[in-house]
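Descriptive analysis of the structure
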Amino acid sequence: MRVLHVVNRKGGGIGRYLSILEGMGEEVWEVGTLGVPAGDYDTLVVHGVVPEAADLPGKKVYYFHGLRAVSPKILRGRREFNPMNLIKFHRFKRFLSRFDLVLFPTEAIRGKAREIYGVDGEVLYLPFPDRIPEITVIPEGKTLLWVGREAWIKGYDTLLTLVRSLPGWEFVVVGMHREGPSNLKALGRVGRERLNALYREATFTLITSYYESFSYVALESMAAGTPVLVLERAGGAAEIVKKVGLGRVFKDTEALASYLRSYRGERFTAGDVGDTFSPHAHLKRLKGILRKLPGET
């Protein structure tokens with residue numbers, strides 16, 4: 001069975017995942033660079049919105065790396081009236097309907113996709129090549145690290161609310177370069193070595209997203225031994241923190257702020273996650289799922 005992984009362009013979390021697969025010998029095809037692939041494959045696994053892929057022959061699987069074509073109203077279950085948002089939303093739903101199977105990286109995103117788009121499928125956690133140590137830590141200091149990009153769904157507005165309500169904490173932002181209150185330091189993009197050092201130096205890593213399908217940020221932080229504080233609404237990120245154990249999940253922003261105002265030290269323990277995030281176990285599970293598709297052997 002020849003599997004071809006198709007993406008428009010590698011980048012972000014999807015690019016990181018595909019690089020892990022390439023390191024294990026999987027074929028990745030960038031439509032934005034190479035054009036539409038020829039039909040010499042058995043199954044396509046599509047990552048991200050690649051309209052050309054929906055018309056290609058053979059078995060097609062869509063790996064649901066994140067919510068697409070959703071406005072804040074749609075995400076919150078409210079009625080959307082903006083015609084442009086509605087057009088994008090229904091176009092994406094039609095795109096999804098053309099696949100034989102949908103994969104999800106967490107149960108949380110599976111449930112959200114079922115609720116919003118009316119699709120279902122199988123859960124397959126993304127791989128993480130670094131080991132998450134089974135440790136117990138009591139974080140010290142007053143530094144909060146936030147890693148994200150310029151997108152409303154990442155919850156930067158919520159971060160600013162926390163910055164203003166917690167003047168006794170220092171906030172370090174990676175991925176964006178905006179001015180803010182005096183207790184916020186925005187570094188923009190940094191290299192991997194510097195980011196790893198920031199994880200180790202932070203008291204906690206914060207995730208304030210309105211939604212995450214998965215979270216390499218959470219895994220990177222916990223692998224560095226730094227607990228993660230995340231809002232329940234972050235979905236997949238909250239699920240991962242609960243699974244590993246090195247962090248806390250909060251119902252809302254005020255509960256998170258209240259915790260930090262009164263923080264005097266807490267013990268966090270990371271448990272044994274087995275092969276949950278093992279790259280080789282991931283690939284084995286993926287191939288097993290694809291072999292179950294009608295017509296595969």
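Below you will find a few notes about this structure. Only a predicted model underlies this, so the values are computations on that prediction, with no experimental measurement involved.

1. Remarks on the sheet that holds strand β2 (residues 27–30)
Ordered in space as β2-β1-β3-β4-β5-β6, the 6 strands form an open sheet in which the pairing is parallel. Two strands close off the open sheet at either side, each with one partner strand: β2 and β6 (122–123). Relative to strand β4 (residues 59–63), strand β3 (residues 43–47) is paired through 5 bridges, and the arrangement is parallel. Paired with Val46 across the strands is Tyr62, a residue of β4.

2. Some points on the nonpolar core
Counting residues in each nonpolar core, the largest one holds 75 residues, and the members touching the most others are Leu219 and Val244. With 32 residues, the next largest nonpolar core counts Phe64, Phe104, Tyr117 and Val119 among its residues.

3. Quick notes on the layout of surface pockets
Estimates place the volume of the largest pocket at around 1,400 Å³. Around the largest pocket, the lining comprises 41 residues; the ones closest to its centre are Gly12, Gly13, Arg149, Lys154 and Glu212. Listed by contribution, the elements that provide at least two residues to the lining of the largest pocket are α1 (12–23), β8 (143–147), α7 (192–201), β11 (204–207) and α8 (216–223). With 5 residues, α1 is the largest single contributor of residues to the lining of the largest pocket. Taken together, the residues that form the lining of the largest pocket break down as 21 nonpolar, 12 polar and 8 charged.

4. A closer look at the packing of aromatic side chains
Counted according to the given criterion, the structure contains 25 aromatic pairs. Aromatic side chains Tyr125 and Phe277 sit 5.7 Å apart centroid to centroid with 65 degrees between the ring planes, which places their arrangement in the edge-to-face category. Pair noted here: Tyr125 is in the loop between β6 and β7 (136–137) and Phe277 is in the loop between β14 (268–269) and α11 (279–291), with a separation of 152 residues, a long-range link. Comparing Tyr125 with Phe277 shows no difference in burial state: the two are buried. Taken together, the ring pairs connect Tyr62, Phe64, Phe89, Phe92, Phe95, Phe99, Phe104 and Tyr117 into an aromatic cluster. The side chain of Arg16 reaches across the aromatic face of Tyr216, ending 4.8 Å from its centre. One cation-aromatic arrangement involves Arg233 over Tyr210; the distance from NZ or CZ to the ring centre is 3.8 Å.

5. Notes on the side chain of Thr203
Within the secondary structure layout, Thr203 lies in the loop between α7 and β11. Residue classification places Thr203 among the buried residues on the basis of a relative accessible area of 1%. A distance of 3.0 Å separates a polar side-chain atom of Thr203 from the backbone oxygen of Glu140. What Thr203 contacts, discounting residues up to four positions off in sequence, is Pro139, Glu140, Gly141, Lys142, Thr143, Trp169, Thr226 and Pro227.

About the cut-offs
- Residues numbered from 1 in each chain as written.
- Predicted model: local features only at pLDDT ≥ 70, side-chain atom pairs only at ≥ 80, totals over all residues.
- Heavy atoms only, no water.
- Pairing = 2+ DSSP bridges.
- Helix = DSSP H or I, 4+ residues; strand = E, 2+ residues; numbered from the N terminus.
- Core = buried A, V, L, I, M, F, W, Y, C linked by side-chain atoms within 4.5 Å.
- Buried < 20%, exposed > 50% of the residue type's maximum accessible area, 1.4 Å probe, protein only.
- 1 Å grid on protein atoms, 1.4 Å probe; cavity = no way out; pocket = protein on both sides within 12 Å on 5 of 7 lines; lining within 4 Å.
- Points joined across faces, edges and corners; volume = space filled by probe spheres on them.
- Nonpolar A, V, L, I, M, F, W, Y, C, P; charged D, E, K, R; others polar.
- Phe/Tyr/Trp six-rings, centres within 6.5 Å; stacked < 30°, edge-to-face > 60°.
- Lys NZ or Arg CZ within 6 Å of the ring centre and 35° of its normal.
- Polar contact = N/O pair within 3.5 Å; in protein donor to acceptor, adjacent residues only side chain to side chain.
- Contact = heavy atoms within 4.5 Å.

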